Structures are given as C-alpha cells and as structure tokens.
Amino acid sequence: MKIKLPEDRNERTKIFVMIGLFAAGILYALVAFVLLPYIASVGQDRRRLAELEDLLWRAEREINSTEHNRRRNTITIKEILSISENHRFILRPSLGNYLLVAEDILNRAATDFPLEIVSVREASGTPPPIPETGLPAGRGFLWPYGVSLSLRANLHTAIRYINRLKQENPYLAITSLNINAGPATVPVRHNITMQVQWPVWSDPEHPNRLAAELLADEEQQ
Amino acid sequence: MSLAINLILNNERRSGSKLSGRSLSRIAAIVSPLIVIVILLQQGFSRFILKTNLSILESRWESAAPRQTFAQRQQGRLNQNLQIAREIEQWKVTSPHWDAALLAIMQSTPEQIHLTNMRLDAPPATGQPPQTSPPIRQPAIRIEGRVQEPGAMAAIQSFRNAIRQHAQIEPLLESADVINFAADAETRGGTSENRVFAIAIKLKTLGETR
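Predicted model, so just to flag it, every value in this text is computed and none were measured.

What counts and what doesn't
- Residues numbered from 1 in each chain as written.
- Chains lettered and ligands numbered in written order.
- Predicted model: local features only at pLDDT ≥ 70, side-chain atom pairs only at ≥ 80, totals over all residues.
- Heavy atoms only, no water.
- Helix = DSSP H or I, 4+ residues; strand = E, 2+ residues; numbered from the N terminus.
- Buried < 20%, exposed > 50% of the residue type's maximum accessible area, 1.4 Å probe, protein only.
- Contact = heavy atoms within 4.5 Å.
- Core = buried A, V, L, I, M, F, W, Y, C linked by side-chain atoms within 4.5 Å.
- Buried area = accessible area lost by both parts, 1.4 Å probe.
- Salt bridge = Lys/Arg side-chain N within 4 Å of Asp/Glu carboxyl O.
- Polar contact = N/O pair within 3.5 Å; in protein donor to acceptor, adjacent residues only side chain to side chain.

A. Quick look at the overall build of chain B. Each helix and strand counted, chain B has three helices and four strands in total. Reading the secondary structure of chain B in the N-to-C direction produces α-α-β-β-α-β-β. For chain B, the spread of C-alpha atoms along the principal axes amounts to about 160 × 65 × 30 Å. In chain B, which comprises 210 residues, the share counted as buried stands at 32%. Long-range pairs, those at least 24 residues apart, make up 68% of the contacts in chain B with a sequence separation of at least 6.

Now the structure itself:
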C-alpha cells in the first residue's frame with residue numbers, strides 16, 4: 001500500500017504537523033508513564049538493596065559477637081555476684097536492716113584489739129525506693145550507706161583496726177576520721193570518730209535478677 | 001558565452017557513492033529497532049537480576065532480624081553489667097587508705113611535737129552530690145599539734161617535709177602547708193614557749209573525674 005501525500009503544499013504541512021504532534025504525544029506518554037516510573041522503581045529497588053546489604057552487614061557483625069558477648073556477660077555477672085553475694089563486699093541487709101549488719105562487721109573486726117567501741121549510728125539512710133520506671137537517670141546501681149562510729153583506742157590500734165576493715169572489705173570507705181588526743185594520760189586512749197561507708201544496691205533485688213540472668217545464659221549454652 | 005547542454009535530466013541523476021540518503025534510512029530502519037530491542041532485553045535482564053537479589057536479601061534479612069534483636073539485647077545486658085562492674089570497681093579505687101596515711105604521719109612525727117588532733121576527710125569532690133555512686137573523693141588531712149620553743153618552727157617545717165617525702169604520702173600528695181602557727185593560749189601554768197600549729201594536707205582526687 002502506498003500512501004500518497006496530497007499535492008497541495010498546505011495540506012501536506014498540516015499532515016506533517018499532525019504526525020509530529022501524534023509522535024510527540026506518544027513520546028510523552030512513553031516517558032511519563034513507562035520510562036520515569038521504571039527508572040524510579042529501579043532506583044527504589046537499588047536503594048533498598050543497598051540498605052539491606054548494610055543492615056545485613058551490621059546484623060551479621062552483631063550476631064557474630066553474640067557468643068563472645070554472652071561469655072563476657074557471664075564472666076562479668078559472676079564477678080559481680082562474687083563481690084556482692086559470696087564476699088558480701090556490697091552490704092546486704094538483714095531483714096531489711098543495714099545497720100545491724102554494719103554493726104556486726106565493725107564489732108567483729110574489733111575482736112582481739114584493745115579498743116572500745118562506744119557507739120555505732122546510722123549516718124546516711126538506706127536508698128530511696130526505686131520508682132516503677134526503673135533507676136532515674138544519673139543514679140548509679142549502687143548507693144552509699146554510711147554509719148558513724150565512735151571508739152576509744154590508741155593510735156596504733158586504730159591504724160590496725162582500720163587496716164583490718166580494709167583488708168576484710170576493700171570496697172568499704174572511711175570517709176571521715178577524727179582523732180582527738182584528749183587528756184594526756186597513760187596508756188593513751190584517743191577519742192576516735194569515723195564515718196564508714198559501704199556500697200549497697202540501689203535496688204536490693206538486682207543481684208537476684210543477675211543470678212537469674214546467669215542461670216538463663218548457662219542454660220542456653 | 002558558453003553553452004551547456006544537459007543530456008540527463010536532474011531527476012535522472014544518480015550518485016556514485018555507496019551511501020545514499022535512502023540506504024542510510026533503510027539501515028536506520030533496521031538498526032534502530034534492534035538497538036531498542038537490545039536495550040529493552042538488557043534492562044529486563046538486569047531488572048530480573050535486581051529483583052532476584054532483592055528477594056534473596058529480603059529473606060536473609062527476615063531470618064537475621066530476630067537474631068540481631070537478640071544480639072542487641074545481649075549487648076545491652078553486657079553493657080549494663082559492665083557499667084555495674086565499673087561502678088563497683090570505682091568504690092575500691094576511691095576508698096582512701098587512711099591506715100597508711102596515719103602510719104606515715106606517726107613515723108614522721110618528731111619527738112618534740114605533740115599531736116592534739118587529726119582529721120582525715122574524703123568528702124565527695126566539688127560539685128558531686130554527697131549520695132552519688134560511684135563517688136569521687138577529695139581526701140584531705142588536717143593535723144593540729146603543740147611544740148615547744150626554741151626551734152618550734154623548724155621542727156614543724158621538718159615535720160611537714162617528712163610527711164611530704166614519706167613513701168606512702170608522696171605519690172598521692174597535692175600540697176602540704178602550715179596554716180597556723182601561734183602562741184598556745186590554752187596552756188595552763190605553762191610558759192610562753194609553747195606553740196600550736198596546724199598543717200593542711202591535700203591529696204589527689206580519688207576516682208574518675210567526668
């Protein structure tokens with residue numbers, strides 16, 4: 001079939017213009033409804049691919065460290081529980097009372113020493129209750145519990161007594177110590193007051209949770 | 001004047017070149033659709049590869065995500081327990097060794113000096129609330145005593161220097177100064193030879209300063 005263009009120049013131009021317009025319309029439709037959505041879809045898929053690669057790389061790195069972290073966590077919990085529960089370096093209450101335990105420690109350390117413990121009083125109270133939302137920001141897991149101790153001893157005995165307290169519990173801190181010479185009598189016994197501080201758990205249930213966590217970790221092995 | 005006679009009409013003229021407008025348009029009519037088809041095939045293939053890779057990675061991610069969540073929880077627990085361990089360790093580090101300090105003072109005290117009062121403090125460092133854990137402590141010692149003239153000041157200076165240089169104190173020392181030296185007003189029946197003095201010792205901060 002042969003298409004014959006009109007002889008008239010004007011008619012021919014009109015036909016060319018129409019063909020041009022039709023071609024431009026088709027081209028526009030192709031670009032707008034096929035090419036651009038296709039390019040956008042490919043771009044989106046490529047971005048998702050890159051994102052997934054990155055996510056998987058991070059995930060694999062974290063997953064690979066799980067076993068190492070679990071072992072390290074087990075060791076750390078054991079260390080904490082050893083300090084807190086086995087050695088009792090962190091003061092644990094007896095029937096909710098810290099003072100009784102502190103008094104017992106101070107009296108026991110004084111055995112065999114020629115010193116007289118005059119009084120043991122609570123200097124700073126027990127930690128305030130933990131809110132249901134957990135530990136407030138900026139507050140540690142431990143809380144200082146302090147007692148004020150008055151005793152009479154000579155300086156050398158006092159030094160040995162302090163040394164024994166420190167040997168028995170290296171986490172205990174004597175935050176204040178006052179030695180007053182008193183009247184010059186022989187044998188010299190000074191009036192000594194000291195503030196002794198122990199760390200206590202802000203949440204006394206925390207060691208139990210750690211023990212449960214340790215058990216769960218060991219069961220997973 | 002020259003006279004030219006065309007024996008061939010214009011529309012009967014032919015080019016000697018192998019490439020003509022018509023042959024080029026024929027080649028283009030074949031090659032262009034071919035190029036378009038090749039591009040479309042290549043695009044289709046790369047799209048297929050892309051989709052396949054995407055679906056493989058999606059399924060890998062679906063299986064990795066819960067394990068990653070578990071790993072993150074494990075990491076979180078470890079971080080918290082390490083923080084507790086550090087806090088406990090800080091208590092040990094910030095506990096002042098007053099027994100060693102007292103022994104050092106005892107050993108450094110010359111015979112002519114009579115100590116009347118000693119105060120050893122390790123309060124929380126400046127700006128730290130008193131109930132903070134782990135504590136950062138700022139240990140300080142104040143020694144008060146009595147000494148007789150002559151040579152009272154020299155004895156006090158020598159006492160202070162002995163404390164400064166004592167092996168137990170020297171590594172921890174920040175400063176040791178005589179802050180008071182005066183006639184003893186309270187000595188009953190004594191002579192004006194009696195002097196009272198006070199020495200203030202500052203030791204280095206114990207614990208991490210944040």
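B. Geometry of the nonpolar core. Membership of the largest hydrophobic core comes to 57 residues, with the highest contact counts inside it found for Tyr161(A), Leu177(A), Met194(A), Trp198(A) and Ile143(B). Aside from chain neighbours lying at most four places away, what touches Tyr161(A) is Leu106(A), Ala109(A), Ala110(A), Phe113(A), Leu115(A), Ile117(A), Leu149(A), Leu151(A) and Met194(A). Counting residues in each nonpolar core, the second largest holds 15 residues, with Ile80(A), Ile84(B), Ile88(B) and Trp91(B) among its members.

C. Quick peek at the interface of chain A and chain B. Across the boundary between the two partners, chain A contributes 60 residues, which contact 53 residues of chain B. Regarding the contact of chain A and chain B, the summed buried area is about 5,300 Å², with carbon and sulfur atoms giving 62% of it. By the criterion of area lost to chain B, the three top residues of chain A are Leu56(A), Phe141(A) and Tyr171(A), representing 11% of everything that side buries. Taken together, chain A and chain B are joined by six salt bridges. A salt bridge links Lys51(B) to Asp45(A); its shortest N-O distance comes to 3.1 Å. Linking chain A with chain B are 26 residue pairs in polar contact (both at pLDDT 80 or more).

D. Region of the structure containing the pattern of salt bridges. Under the defined criterion, the tally for this structure stands at 17 salt bridges over all chains. Ionic pairing is found between Arg70(A) and Glu67(A), a salt bridge with its closest N-O pair at 2.5 Å. With Arg70(A) and Glu67(A) both in helix H2 (residues 66-86), this residue pair falls three residues apart, about one helical turn. On the basis of relative accessibility, which here comes to 38%, the residue Glu67(A) falls in the partly exposed class. Residues joined in a network through salt bridges with shared partners are Asp45(A), Arg47(B) and Lys51(B).

E. Structural detail: the side chain of Arg70(A). The class for Arg70(A) is buried, based on a relative accessible area of 5%. Among the polar contacts made by the side chain of Arg70(A), one reaches the side chain of Glu67(A) at a distance of 2.5 Å. Excluding residues within four positions of it along the chain, Arg70(A) makes contact with Asp217(A), Gln220(A), Gln221(A) and Gln74(B).

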